[in-house]
Amino acid sequence: MQTGAITAYIDVAQLALYAFWIFLAGLIFYLHRENKREGYPLENERSGSIRVQGFPSMPAPKTFQLPHGGTFSAPNDKRDTRTINARPVGNWPGAPLEPMGDPMLAEVGPGAYAERADTPDLTVDGQPKIVPLRRAAGFALAAGDPDPRGLPVVGGDGNVAGQVTDVWVDTSETLIRYYEANVNGRTVLIPNTFAKIGKGRNAALTVRSIHARHFQNVPGTRSADQITFLEEEKIAAYYGAGTLYADPDRAEPFL
């Protein structure tokens, strides 16, 4: 027999190949099951008692230690019990949902959000990560970049809604997260990704996703100087809803 042969039909290379196949199959099974640690079981439109998890089944619960204290277990079978402010457009499973009432406040479709923790994101030393510049010691706008403070806030309809009063920065990533604006005496936050700063004599901070009248209903924050995960979700969802529902024409087909 040749070197490495165990019998006339089996050798070490063949066994190594079989071992690799078994390892790879086990790895795929493990990763696929770990992928179901959050978000499962899936919701079933016919009944809330049907457990939808597919194959392989969900993994056993595991408890994680959070960096700033506390624990989190997953999977935990926690279901979203919020009322869905929408109705299906058809009577078949999977039919699209149509918002009921004010679509900007229905919290469905592009305005949906996850129920994240109602606590602020923290830095490695336990301090709020996203804060206004007035509370961010050692941070300032880069020289040469436009300073939006004092600029008017213009909605997608071209009307002025308020005025920028401050900039909120992420002290860990060193970038702008929100613009703070005064709208009829009320403080609202505008995500940086939904805003554009113009140049020239008529410079303004423009938000095309919503109209000027919609700024009054932007979800607020409990604190004037920090924002929680849940508040971030709600604020981003409101502007997201505006991309489709702020103007009735946006929900119509292009052709």
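See above for the structure.
As a starting point, this report considers the structure included with it. (Residues numbered from 1 in each chain as written. Predicted model: local features only at pLDDT ≥ 70, side-chain atom pairs only at ≥ 80, totals over all residues. Heavy atoms only, no water.)

**Regarding unusual backbone geometry**
Logical step 1: A cis amide bond links Tyr-40 with the next residue in sequence, Pro-41, at an omega value of 0°.
Logical step 2: By the secondary structure assignment, Pro-41 is in the loop between helix H1 (12-34) and strand E1 (62-65).
Logical step 3: A cis amide bond, omega -5°, links Ala-74 with the succeeding residue Pro-75.
Logical step 4: With respect to the helices and strands, the residue Pro-75 is situated in the loop between strand E2 (71-74) and strand E3 (86-88).
Logical step 5: Its identity as a non-glycine residue notwithstanding, Glu-107 has a phi of 60°, on the positive side.
Logical step 6: Position of Glu-107 relative to the elements: it lies in the loop between strand E4 (97-99) and strand E5 (130-132).
Logical step 7: Among the residues examined, Glu-107 registers a relative accessible area of 38% and is labelled partly exposed. (Helix = DSSP H or I, 4+ residues; strand = E, 2+ residues; numbered from the N terminus. Buried < 20%, exposed > 50% of the residue type's maximum accessible area, 1.4 Å probe, protein only.)

**Re the environment of Phe-215**
Logical step 1: By the secondary structure assignment, Phe-215 is in the loop between strand E11 (205-206) and helix H2 (229-245).
Logical step 2: When the C-alpha atoms of Phe-215 and Val-131 are compared, they prove to be 21 Å apart, with 84 residues separating the residues in sequence.

**Description of the pairing of strand E8 (residues 175-183)**
Logical step 1: In the sheet, strand E7 (residues 160-170) pairs with E8 via seven bridges, with the strands oriented antiparallel. Along E8, the bridge assignment pairs Gln-163 with Asn-182.
Logical step 2: Where E7 folds back on E8, the antiparallel hairpin that results is connected by four residues, among which Thr-174 adopts a positive phi of roughly 55°.
Logical step 3: In this structure, E8 lies alongside strand E9 (residues 186-191), joined through six bridges in antiparallel fashion. Across the sheet, Tyr-178 pairs through a bridge with Pro-191, a residue of E9. (Pairing = 2+ DSSP bridges.)

**What to know about the side chain of His-211**
Logical step 1: Tracing the backbone shows His-211 in the loop between E11 and H2.
Logical step 2: Among the residues examined, His-211 registers a relative accessible area of 8% and is labelled buried.

**Remarks on H2**
Logical step 1: Taking 1.5 Å per residue as the helical rise, H2 with its 17 residues ought to reach 24 Å, and the 24 Å between its terminal C-alpha atoms agrees with that figure.
Logical step 2: Regarding H2, the residues found buried are Phe-229, Leu-230, Glu-231, Glu-232, Ile-235, Ala-237, Tyr-238, Tyr-239, Gly-240, Ala-241, Gly-242 and Tyr-245.
Logical step 3: Buried residues in H2 make contact with E4, E5, E8 and E9. (Expected span 1.5 Å × (residues − 1). Contact = heavy atoms within 4.5 Å.)

**Remarks on the pattern of salt bridges**
Logical step 1: Applying the stated criterion across every chain, the model contains 15 salt bridges.
Logical step 2: Between Glu-115 and Arg-82 there is a salt bridge whose closest N-O contact spans 3.8 Å. Highlighted residues: Glu-115 in the loop between E4 and E5 and Arg-82 in the loop between E2 and E3, separated in sequence by 33 residues.
Logical step 3: Judged by its relative accessible area of 28%, Arg-82 is partly exposed.
Logical step 4: With a closest N to O distance of 3.7 Å, Glu-98 and Arg-87 form a salt bridge. Of this pair, Glu-98 sits in strand E4 while Arg-87 sits in strand E3, and the two are eleven residues apart along the sequence. (Salt bridge = Lys/Arg side-chain N within 4 Å of Asp/Glu carboxyl O.)

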